[in-house]
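Listed below are the residues making up each chain.
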Amino acid sequence: MTSLRVRIGILGLVLLAGSAAPASPAAAATAPSPTVEEQRLDRAVPREILERSGFDAVPLRFTRALGTAHSYAEARKVVVRQGSALWQRAVDRAQGRGPAGGDLSRDDDRPLYWARLGMTREVRTWEPSFGLTETQRAALLGELERTSRGQTAVRYPGGDRLKRVLVTGFDPFTLDRDIRISNPSGASALALDGTVIDTAEGPARVETVVFPVRWQDFTDQTVERALRPYLKKVDLFTTVSQGRVGRFDVERTNGAWRGGFPDNDNVGVTGVVPVADPASQPQWTTTTLPYKAIVDADTGRFPVYDNTSVTEIPAGGTVPVVRADGPTAGSAARAGGGGNYLSNEIAYRVTLLRDRLGLHDVLPGGHVHTPVLEFGTGNTDPATGAVTDPGFVKNRLDIIAQVRAILVVAVEKTT
């Protein structure tokens, strides 16, 4: 996701909590209404995407299973089992295992996104006979988010034979602009999860997770809780999101500022990125990926740039200034190279976590922006356009292949 300096039309992208314990039994609260994000499920495009992938049966099956639960404990088991199954089904479909379920191409990340929303909407509005407290409902939603985003499925083999790589992606976003949107970072996560890539330095095992495009999830520090267990175990990480048209960017610098662009619930937040121990919070963090090697390598169809620009308020100043060559001493962040949306924020949070764990000098990691995933010629009208086309599929496959090639270069140049 690029800076709000960039036109909204080329905005791209690029979350989850640890287990929440249910509260002691209390009077059940009235079930809340679906969120803005969940309400989009009722539109024609999501229904078509689900039907053409076979994922339309997922929320229905989940609803039936949840209806058999006679206690919170039973409901939690259903949520964990079916959330995990949804993630695995999406990964299997993307990697060619099992039936496609329809004519939608296997590389498509959207069935996972819309099926998950069908499941979260059911939990959010469910009123079981045994009663459900607000805390219990929130805990169920948290379990569903974590399991269906691959955050409980990260597995690396023991020993030193394989390098360990961790990659993150994002949900589709800006759906009120075009509800057909897919996110190539999420598609890359599905295509790469659990795969082994061959490099000149030996094989590398890739594990992936996907995060939502919601400010509140980031405020709740779900990124840190999801990734902290793995950072000391991996050899390289990269957060990935959709960025600019026609190019990849390796973002050199990440800024501690939220620019306020609306998220998938149409909520905008502006201000300093909220983190633990704010007294020691830096304004900027930096990549430790081998950006020069990545930029110089022939990784695919799209050019790759070392993006060094930021927007800052210089020390002693009051007006934001764009700096092409990075921040100056004592400046306050207003946008990192990757902007001031959630892609910049995940890059900031994970590189800050890397540094606070004492891994800055030993763990290569940072953020990669993919090109905007564009529909094919003649299919650009959100109101009348098809949900997919051959050019759209080719663009997504090319981006996924180039993400993989970038990982190969990064592993080879940091071992």
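Above this note sits the structure.
Everything quoted here is computed from the prediction, not taken from an experiment. (Residues numbered from 1 in each chain as written. Predicted model: local features only at pLDDT ≥ 70, side-chain atom pairs only at ≥ 80, totals over all residues. Heavy atoms only, no water.)

Digging into the overall build of the chain
Thinking step 1. When helices and strands are counted, the chain shows 12 helices and 14 strands.
Thinking step 2. Relative to the 2.2 N^0.38 estimate, which gives 22 Å for 415 residues, the radius of gyration of the chain is 21 Å and therefore close to what a compact globule would have.
Thinking step 3. Judged by the C-alpha coordinates and their principal axes, the chain covers about 60 × 50 × 50 Å.
Thinking step 4. Going through the 415 residues of the chain one by one, you find that 57% of them count as buried.
Thinking step 5. Of the accessible surface of the chain, which amounts to about 16100 Å², a share of 53% is contributed by carbon and sulfur atoms.
Thinking step 6. Computing the positive centroid from 49 side-chain charges and the negative centroid from 47, the chain places the two 2 Å apart. (Helix = DSSP H or I, 4+ residues; strand = E, 2+ residues; numbered from the N terminus. Rg over C-alpha atoms; globule rule 2.2 N^0.38 Å. Buried < 20%, exposed > 50% of the residue type's maximum accessible area, 1.4 Å probe, protein only. Areas by Shrake-Rupley, 256 points an atom, 1.4 Å probe, with all protein chains shown as cover. Lys, Arg positive; Asp, Glu negative; His and termini not counted. Charge placed at Lys NZ, Arg CZ, Asp CG, Glu CD.)

Here's the deal with helix H9 (residues 222-231)
Thinking step 1. Extensive coverage of H9 is indicated by the burial of seven of its 10 residues.
Thinking step 2. For H9, the complete set of buried residues consists of Thr 222, Val 223, Glu 224, Ala 226, Leu 227, Tyr 230 and Leu 231.
Thinking step 3. Contacts from the buried residues of H9 go to strand E1 (163-170), strand E3 (202-211), helix H8 (215-219), strand E4 (236-242) and helix H11 (342-356). (Contact = heavy atoms within 4.5 Å.)

What about the packing of helix H3 (residues 57-67) against helix H5 (residues 110-125)?
Thinking step 1. Two numbers describe how H3 lies on H5: the axes approach to 8 Å, and their chain directions differ by 25°. When the axes of H3 and H5 are compared, the pair comes out roughly parallel. Handedness of the crossing formed by H3 with H5: right-handed. Here H3 contributes Val 58, Pro 59, Phe 62, Thr 63 and Leu 66 to the contact with H5, which in turn contributes Ala 115, Gly 118, Met 119, Glu 122 and Val 123.
Thinking step 2. When grouped by side-chain class, the residues that make up the contact of H3 with H5 number seven nonpolar, two polar and one charged. (Axes fitted to C-alpha atoms, helices over the stretch in contact; angles between N-to-C directions. Parallel < 35°, antiparallel > 145°, perpendicular 65-115°, else oblique. Left-handed = near helix turned anticlockwise from the far one by under 90°. Nonpolar A, V, L, I, M, F, W, Y, C, P; charged D, E, K, R; others polar.)

Things to note about the sheet that holds strand E2 (residues 196-199)
Thinking step 1. Taken in spatial order, the seven strands make up an open sheet running E2-E3-E1-E4-E14-E5-E10, and their pairing is mixed. Each of the sheet's edge strands pairs with one partner strand only, and the pair in question is E2 and strand E10 (304-307). Adjacent strand axes in the sheet meet at a mean angle of 30°, parallel and antiparallel pairs treated alike.
Thinking step 2. Across four bridges, E2 lies against E3 in antiparallel orientation. (Pairing = 2+ DSSP bridges.)

Considerations on the pattern of salt bridges
Thinking step 1. A complete count under the given rule lists 31 salt bridges for this structure.
Thinking step 2. Linking Arg 110 and Asp 108 is a salt bridge whose minimum nitrogen-to-oxygen distance equals 2.6 Å.
Thinking step 3. Of the residues examined, Arg 110 reaches a relative accessible area of 0% and is grouped as buried.
Thinking step 4. Since its relative accessible area comes to 4%, Asp 108 is described here as buried.
Thinking step 5. As a salt-bridge pair, Lys 394 and Asp 398 come within 2.6 Å of each other at their nearest N and O atoms. Linking Lys 394 with Asp 398, this pair stays in helix H12 (residues 390-413), spanning four residues, or about one helical turn. (Salt bridge = Lys/Arg side-chain N within 4 Å of Asp/Glu carboxyl O.)

Things to note about the side chain of Thr 287
Thinking step 1. Mapping Thr 287 onto the fold places it in the loop between strand E9 (284-286) and helix H10 (291-296).
Thinking step 2. Side-chain polar atoms of Thr 287 contact the backbone nitrogen of Leu 289, separated by 3.1 Å.
Thinking step 3. With near-sequence residues (within four places) excluded, Thr 287 lies in contact with Glu 251, Arg 252, Arg 354, Gly 365, Gly 366 and His 367. (Polar contact = N/O pair within 3.5 Å; in protein donor to acceptor, adjacent residues only side chain to side chain.)

Notes on unusual backbone geometry
Thinking step 1. One non-glycine residue, Thr 174, lies in positive phi territory at about 50°.
Thinking step 2. You can see Thr 174 is positioned in the loop between E1 and helix H7 (184-192).
Thinking step 3. Owing to a relative accessible area of 12%, Thr 174 belongs among the buried residues under this scheme.
Thinking step 4. Even without being a glycine, Gln 221 presents a positive backbone phi close to 65°.

Notes on the packing of aromatic side chains
Thinking step 1. One pass over the structure, following the stated rule, counts eight aromatic pairs.
Thinking step 2. An angle of 40° between the planes, with centres 5.9 Å apart, marks the rings of Phe 173 and Tyr 341 as tilted. Here the residue Phe 173 occupies a position in the loop between E1 and H7, and Tyr 341 occupies one in the loop between strand E13 (332-335) and H11, the gap between them amounting to 168 residues. When sorted by exposure, Phe 173 lands in the same class as Tyr 341, which is buried.
Thinking step 3. Each ring, one from Phe 261 and one from Tyr 341, has its centre 5.2 Å from the other, and the planes form 90°; the classification is edge-to-face. Linking Phe 261 in the loop between strand E7 (257-259) and strand E8 (270-272) with Tyr 341 in the loop between E13 and H11, this pair joins segments that are 80 residues apart in sequence.
Thinking step 4. Tyr 341 sits in the buried class, given a relative accessible area of 1%.
Thinking step 5. Members of the aromatic cluster, each reached through a chain of ring pairs, are Phe 173, Trp 215, Phe 261 and Tyr 341.
Thinking step 6. A cation sits over an aromatic face here: Arg 247 above Tyr 305, 4.0 Å from the ring centre. (Phe/Tyr/Trp six-rings, centres within 6.5 Å; stacked < 30°, edge-to-face > 60°. Lys NZ or Arg CZ within 6 Å of the ring centre and 35° of its normal.)

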